[in-house]
Amino acid sequence: MKECYEAFESCLVAMENGDSLEACLERYPDLEAELRPLLESAQAAKSISDDHVPDAAFQRSRARVLGKASQLRAQHKPKRIIFGRVPRWAMAMVAFALALVFFMSWRGVTETARALPGDPFYPVKRSAENFRIQIASNPEARRAMEVKYERQRVDEVMELLSIGRITQVTFEGLLDERTPDRWIIEGIPVSVTPDTQLIGEIETTRVVEVTGKTQASGEVIASRIALHSYQLVGKVDSIGSDMWVISGISLEVQRDSQIDPAARIDDQVIALVEVQTDGSLQALAILRLLQPELVATGVPQKTEAPSSATTQEPKLIEITGVVESISGDTWTIDGQQVTISAATEIKDRVSVGDHVRVHALLGVDGSLMAREIEFDSSFQQNLNENDDQLEEFKAEDDEGERQGIEDNSGGEDGTEAESSGDSGDDHDKNDDHSTDNSGGDDDTGDNGDNGDDHSGGGDGDHSGDENEDRERSDDGEEQDSYLGYQTQLAGKQPGEFNTLLFIL
Amino acid sequence: MFAHLTACWDHEISEDERRQYAQYMSDSKSELDGLRDLNSEVISSIHNRYFPEVFRYARYRLGDETLAEDIAGEAFTRLLESVNAGRGPHTNLHGWLMSTTSNLINDHLRHAYAHPTETLHEDLELYADGPSPAQHLEQSDRNQLIHNALTALTFEQQQVIALRFGGGYSLEETATLMDKNVNAIKALQYRAIVALRRGFGKELL
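Only a predicted model underlies this, so the values are computations on that prediction, with no experimental measurement involved. (Residues numbered from 1 in each chain as written. Chains lettered and ligands numbered in written order. Predicted model: local features only at pLDDT ≥ 70, side-chain atom pairs only at ≥ 80, totals over all residues.)

1. Digging into the overall build of chain B
- Broken down by element type, chain B carries eleven helices and zero strands.
- Mapped in sequence order, the helices and strands of chain B form the string α-α-α-α-α-α-α-α-α-α-α.
- Sequence separation of 24 or more characterises 59% of the internal contacts of chain B that already satisfy a separation of 6 or more. (Helix = DSSP H or I, 4+ residues; strand = E, 2+ residues; numbered from the N terminus. Contact = placed C-beta atoms within 7 Å.)

Written as structure tokens, this is what we have:
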């Protein structure tokens, strides 16, 4: 058959070149009978070919195609309309401005870095800095940039003073010295006048933000000096979902504020306060004094030494620890004997091995008379969360990623729920906790299927009570704001807490 | 037809042919660049250059000038729309146009087969009830007879007949336009002619 294909093609080419049908067939006498009708058919097929193209058809088609092209170009017309309405002189101005921006952009790279307040390039420099801060990859990098740029502001002010330029400045720094009318802030002499607005209880060694004007005399005349942030130690007067009052000072609380979940009214706390631009105070963190190690490690410790022999009159104290023995009216809690009386209110069905919180009267002889005994919910809660956090950190290590505090704080992204799901850890006591992690509903369900690793031992019989207890103590709104702090604290080691306290 | 040059690149070709080929590729590239910008001059140039081929091919396969004009115009319209949408030909504008035209014809014929028109019926009646085959061999009728025999072939067979005998494309060019190798085209055209011969019947030849 291939021979036929070749012979047929050969004949077609020969006939194309002017050979007759007969002449071609003579070359293939064996295939003549087969090739003849086919070659005749080919000639017939070729005979109806017509090279003529009607000019009218050509022109109509051309008009149609060009019309279509015009229609497609019109789809991009809005841009043309916008530019079409702009006068030529305005277009020229825009072109000039663009050229100027372009010129400034490459030249400004070197210029802006050295720009000082009052220089034309200075706003560009600040905008670039703000942009870099905004696009920082993580909170640590962002904070590092902020610190770096704050230091640059101080350097700029020093340079302005050295050249004697008078201009408006804002900078932050540590208050080194303070006299009635002259302060030294970060080595910069700042003149405080009766017109200077002072915000916050400003003392030396505090970080303040100064707004003022540099003078040719080598000092800054301050129009405003605000405490940037400071620690506040005091007693909790009231607790609200968005406002706490500590020693009479109202502090706003945000969702990302880190707050000790066990802090209660009348507790002694230390708060890290940030002064807002409008003068209001915001609590960045509120932490109970003397409690953090307990929260951090889960190891029960006494909140205050009950054996203060110097105490001259009975004092109400709180201790937490493991019930080592119950013998009649005497309980031993972490080696400390506590006497139970008829007036003692035992809120939970406590048994040996339970972690309890005891409110007791410390007698002058060092004896302890219990007034209230209840399960130590914060310990149980943090114990669970400690394990959760451990698993979460393991998971994060595996992924080569570390979630920041902010990531954990809201739980909206389901990070914690996801991690706990991976860990397969027990969360049956943390239903309220898991629910707060919005978006983690499915994971919550999964958690419920997991084992009871933390309900064993002495706690097993009372896990339900503990849940109720936690529900009583954790209001929905407050729990939201507590969450990040809980997870943060639970993963810390004592040393880390010392660092945190040091920072505070 | 320069597809022949690409197919025979390994063989001896003259310097003139090389230059022609280089010029062809250069023209094609500049055409495509201008086409993407919907440049009127370029579009006009492309239309002038390729419309005759496209129209003749369509007319050969359809046997109707009006229909061929519509199909050819539609092929160019599709070209503009594709280019405007970021698609369309990247290297071979000629091949893209012929292939699109062929597909448009196939679609039309597919529809025509499913919904036979009066013209088709008339034609069939003409051959079925005509006074004598000899009279049908008059020029126009003969052409219609051949065309009807052509439309009875498969689309691929119609395509190869239209390109080889209607458009005068070489074996290599036909292979390029149909995206097949030369040997496959040889076999395909042979089978197509056999089928066509069968469709002609005794009365035609």
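2. Some details on the overall build of chain A
- A count of helical and extended segments in chain A gives 17 helices and 15 strands.
- A total of 504 residues make up chain A; the buried ones form 29% of that total.
- Considering only contacts within chain A whose residues lie at least 6 apart along the sequence, 62% involve residues at least 24 apart. (Buried ≥ 20, exposed ≤ 12 C-beta atoms within 10 Å, placed from the backbone.)

3. Observations concerning the interface of chain A and chain B
- Contacts between the two partners involve 30 residues from chain A, matched on the other side by 36 residues from chain B.
- Ranked by residue count, the leading element in the side of chain A that touches chain B is helix 4 (residues 55-74) of chain A, at twelve residues.
- For the side of chain A that touches chain B, the per-class residue count stands at 17 nonpolar, three polar and ten charged. (Nonpolar A, V, L, I, M, F, W, Y, C, P; charged D, E, K, R; others polar.)

4. Observations regarding the packing of helix 4 (residues 65-84) of chain B against helix 5 (residues 93-114) of chain B
All names here are of chain B.
- Two numbers describe how helix 4 lies on helix 5: the axes approach to 9 Å, and their chain directions differ by 125 degrees. In terms of axis orientation, helix 4 runs oblique to helix 5. The chirality of how helix 4 crosses helix 5 is right-handed. Contact with helix 4, carried on its side by Ile71, Ala72, Glu74, Ala75, Arg78 and Leu79, involves Leu97, Thr100, Thr101, Leu104, Ile105 and His108 of helix 5 and no other residues of that element.
- By residue class, the composition of the contact of helix 4 with helix 5 is seven nonpolar, three polar and two charged. (Axes fitted to C-alpha atoms, helices over the stretch in contact; angles between N-to-C directions. Parallel < 35°, antiparallel > 145°, perpendicular 65-115°, else oblique. Left-handed = near helix turned anticlockwise from the far one by under 90°.)

5. Examining the environment of threonine 66 of chain B
Residue and element names in this part refer to chain B.
- Secondary-structure assignment places threonine 66 in helix 4.
- Classification of threonine 66 by C-beta neighbours within 10 Å gives exposed; the count is 10.
- Residues threonine 66 and phenylalanine 55 lie eleven residues apart in sequence; the distance between their C-alpha atoms is 9.9 Å.

6. Some points on the pairing of strand 5 (residues 220-239) of chain A
Residues and elements named next belong to chain A.
- Relative to strand 5, strand 3 (residues 188-199) is paired through six bridges, and the arrangement is parallel. Directly across from glutamine 197, in strand 5, lies its bridge partner arginine 224.
- In this structure, strand 4 (residues 207-214) lies alongside strand 5, joined through eight bridges in antiparallel fashion. Opposite glycine 212, over in strand 5, you have alanine 222 as the bridge partner.
- Between strand 4 and strand 5, which pair antiparallel one after the other, the connecting turn spans five residues, and glycine 218 there sits at a positive phi close to 90 degrees.
- Pairing of strand 5 with strand 8 (residues 268-275) involves seven bridges; the strand directions are antiparallel. From the neighbouring strand, valine 233 faces strand 8, where its bridge partner is isoleucine 270.
- Note that strand 5 and strand 6 (residues 243-246) share three bridges and pair antiparallel. (Pairing = 2+ DSSP bridges.)

7. Focus on the pairing of strand 11 (residues 330-333) of chain A
All names here are of chain A.
- Burial along strand 11 is one-sided: Trp331 and Ile333 are buried, and none of Thr330 and Thr332, which face the opposite way, are.
- Connecting strand 10 (residues 315-327) to the next strand, strand 11, in antiparallel fashion are two residues, including glycine 328 with a positive phi near 60 degrees.
- As paired strands, strand 11 and strand 12 (residues 336-339) are joined by four bridges and run antiparallel to one another. Bridged to threonine 330 within strand 12 is threonine 339.
- Here strand 11 folds back onto strand 12, and the loop between the two strands holds two residues, one of which, aspartate 334, carries a positive phi near 50 degrees.

8. Description of helix 9 (residues 155-166) of chain B
- Within helix 9 of chain B, nine of the twelve residues are buried, leaving the element largely enclosed by the surrounding structure.
- When we look at burial in helix 9 of chain B, the residues that qualify are Gln158, Gln159, Val160, Ile161, Ala162, Leu163, Arg164, Phe165 and Gly166 of chain B.

9. Quick word on the nonpolar core
- Core analysis: the biggest nonpolar cluster contains 61 residues, and Val54, Phe55, Ala58, Ala72, Leu97, Ile161 and Leu196 of chain B have the highest contact counts within it.
- When near neighbours in sequence (up to four residues on either side) are disregarded, alanine 72 of chain B contacts Ser61 of chain A together with Phe51, Val54, Phe55, Ala58 and Thr101 of chain B.
- Among the nonpolar cores identified, the runner-up in size contains 33 residues, and Val157, Ile185, Ala222 and Ala285 of chain A belong to it. (Core = buried A, V, L, I, M, F, W, Y, C linked by C-beta atoms within 7 Å.)

10. What about the confidence of the model for chain A?
- On average, residues of chain A score 70 in pLDDT, and 65% of them reach the 70 mark or higher.
- Counting interchain partners and residues more than four positions distant, the pLDDT-below-50 stretch residues 291-312 of chain A has 54 contacts. (pLDDT = per-residue confidence, 0-100.)

11. Observations regarding the confidence of the model for chain B
Residues and elements named next belong to chain B.
- Per-residue confidence for chain B gives a mean pLDDT of 79; residues scoring 70 or more make up 73%.
- Mean pLDDT across the elements of chain B bottoms out in helix 1 (residues 3-7) (42) and peaks in helix 9 (93).
- Contacts of residues 1-11 to residues separated by more than four positions or lying in other chains number 21 contacts, the stretch itself having pLDDT below 50.
- This model gives residues 120-131 a pLDDT under 50, and the stretch forms eight contacts once residues within four places in sequence are excluded.
- Across the interfaces of the predicted complex, the ipTM metric reaches 0.80, alongside a pTM of 0.39.

12. Considerations on unusual backbone geometry
- For aspartate 334 of chain A, which is not a glycine, the phi torsion comes out positive at approximately 50 degrees.
- Mapped onto the elements, aspartate 334 of chain A comes out in the loop between strand 11 and strand 12.
- Of note in this structure, aspartate 179 of chain B is not a glycine but carries a positive phi near 55 degrees.
- Aspartate 179 of chain B sits in the exposed class, given 9 other C-beta atoms within 10 Å.

13. As for the environment of alanine 128 of chain A
Residue and element names in this part refer to chain A.
- One can find alanine 128 in helix 7 (residues 122-134).
- C-beta crowding within 10 Å serves as the criterion here: with 15 such atoms nearby, alanine 128 is assigned to the partly exposed category.
- Counting along the chain gives 15 residues from alanine 128 to alanine 113, while the straight-line C-alpha distance between them is 9.9 Å.

14. Some details on the environment of glutamate 252 of chain A
Residues and elements named next belong to chain A.
- With respect to the secondary-structure elements, glutamate 252 resides in strand 7 (residues 249-259).
- Classification of glutamate 252 as partly exposed rests on a count of 16 C-beta atoms within 10 Å.
- Residues glutamate 252 and aspartate 242, ten residues apart in the sequence, show an inter-C-alpha distance of 5.7 Å.
- Those residues in contact with glutamate 252 that sit more than four places away from it in its chain are Asp242, Met243, Ser280, Leu281, Gln282 and Ala283.

15. Here's the deal with the packing of helix 4 of chain A against helix 3 (residues 40-62) of chain B
- At their nearest, the axes of helix 4 of chain A and helix 3 of chain B sit 10 Å apart, and the two run at 140 degrees to each other. For the element pair helix 4 of chain A / helix 3 of chain B, the angle class is oblique. For helix 4 of chain A against helix 3 of chain B, the interelement crossing comes out right-handed. Taken together, the residues of helix 3 of chain B that come into contact with helix 4 of chain A (itself represented by Ala57, Phe58, Ser61, Arg62, Val65, Leu66 and Ala69 of chain A) are Ser40, Ile43, Ser44, His47, Phe51 and Phe55 of chain B.
- Partitioned by chemical class, the residues of the contact of helix 4 of chain A with helix 3 of chain B number eight nonpolar, four polar and one charged.

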